[in-house]
Amino acid sequence: MVWAGEFESQQRATSHLMVIVPAVLLLILFLLYMNFRTVKDTLIAASTMPYAFIGGFLSLWLTDTVFGISAGIGFIILFGIVSINSILLIALMKKRMQQTHNLRVAVNDAIAQRLRPVLMIALMGSMGLLPAALSNGMGSEVQKPLAIMIVGGIIVCMILSFTVLPQVFYFAYRRERHLKR
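Quick look at the structure, then. (Residues numbered from 1 in each chain as written. Predicted model: local features only at pLDDT ≥ 70, side-chain atom pairs only at ≥ 80, totals over all residues. Heavy atoms only, no water.)

### Remarks on the overall build of the chain
When helices and strands are counted, the chain shows 7 helices and 0 strands. Taken from N to C terminus, the helices and strands of the chain fall in the order α-α-α-α-α-α-α. Considered along the principal axes of its C-alpha atoms, the chain spans approximately 70 × 35 × 20 Å. Considering the chain as a whole, with its 181 residues, one finds that 39% of them fall into the buried category. Looking at the chain alone, contacts between residues at least 24 apart form 74% of all its contacts between residues at least 6 apart. Entry remark: accessible area of the chain is about 10700 Å², with carbon and sulfur atoms responsible for 69%. Taking the average place of the 15 positive charges on the side chains of the chain and the average place of its 7 negative ones, the gap between the two points comes to 22 Å. (Helix = DSSP H or I, 4+ residues; strand = E, 2+ residues; numbered from the N terminus. Buried < 20%, exposed > 50% of the residue type's maximum accessible area, 1.4 Å probe, protein only. Contact = heavy atoms within 4.5 Å. Areas by Shrake-Rupley, 256 points an atom, 1.4 Å probe, with all protein chains shown as cover. Lys, Arg positive; Asp, Glu negative; His and termini not counted. Charge placed at Lys NZ, Arg CZ, Asp CG, Glu CD.)

### Brief notes about the pattern of salt bridges
Applying the stated rule across the entire model yields 2 salt bridges. For Asp 41, the salt bridge identified is with Lys 94, shortest N-O distance 2.5 Å. Here the residue Asp 41 occupies a position in helix H2 (residues 39-46), and Lys 94 occupies one in helix H4 (residues 69-100), the gap between them amounting to 53 residues. With a relative accessible area of 0%, Asp 41 lands in the buried category. Two residues, Arg 96 and Asp 109, come together in a salt bridge whose shortest N-O distance is 2.3 Å. Linking Arg 96 in helix H4 with Asp 109 in helix H5 (residues 103-134), this pair joins segments that are 13 residues apart in sequence. (Salt bridge = Lys/Arg side-chain N within 4 Å of Asp/Glu carboxyl O.)

### Remarks on the packing of helix H3 (residues 49-62) against helix H6 (residues 140-163)
Closest axis-to-axis distance for the H3/H6 pair is 7 Å, and the angle between their directions is 130°. In terms of axis orientation, H3 runs oblique to H6. In terms of crossing hand, the pair formed by H3 and H6 is right-handed. Each of Tyr 51, Ala 52, Ile 54, Gly 55, Gly 56, Leu 58, Ser 59 and Leu 60 in H3 lies in contact with H6, whose residues at this interface are Pro 145, Ile 148, Met 149, Gly 152, Gly 153, Val 156, Cys 157, Leu 160 and Ser 161. (Axes fitted to C-alpha atoms, helices over the stretch in contact; angles between N-to-C directions. Parallel < 35°, antiparallel > 145°, perpendicular 65-115°, else oblique. Left-handed = near helix turned anticlockwise from the far one by under 90°.)

### Thoughts on unusual backbone geometry
The phi dihedral of Arg 37 falls on the positive side, at around 65°, and the residue is not glycine. Relative to the helices and strands, Arg 37 resides in the loop between helix H1 (6-36) and H2. For Asp 64, which is not glycine, the phi torsion reads 55° and is therefore positive. Given the relative accessible area of 71%, Asp 64 is considered exposed.

### Things to note about the nonpolar core
In terms of nonpolar packing, the biggest core is built from 47 residues, with Phe 79, Ile 90, Leu 103 and Phe 169 touching the most fellow members. Secondary structure elements with two or more residues in this core: H1, H2, H3, H4, H5, H6 and helix H7 (165-180). (Core = buried A, V, L, I, M, F, W, Y, C linked by side-chain atoms within 4.5 Å.)

Okay, structure coming up:
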């Protein structure tokens, strides 16, 4: 017996996704390293990747949506969004740290300066996909998991980016600041 049709197509897409997602993660890590040029900052930025998993799976779980291929593609999009958020925050925190020479002030200033732009990005993405996330019409079974993943994931990623990432940055650079004194 041979399974064919949509089942075969779904199995093929799943196997491709199992290769693509790790490849995308490695590419993002490479691009983060090329941006920061330090392993430390790359690891701080990479520490935000679990936010995408948390946000995505939480939004799927809360809406009782089954994980599928389109939701997997949503993860790739969330990885990109959370990477952009981390690049914006870390770059500004480092810049402010060089200007003020005070780590706590640098972190607080960066959060205050980047809150509005990141919030606007999150709202734009969420509001744009909200109709697709709430749809129940024909064809919604394909677009709905992707939209739910992105809408819920963006919100959770934004919250975690402004609460957890600054703490990680602070603890990563706290010791370095003490050694320079």
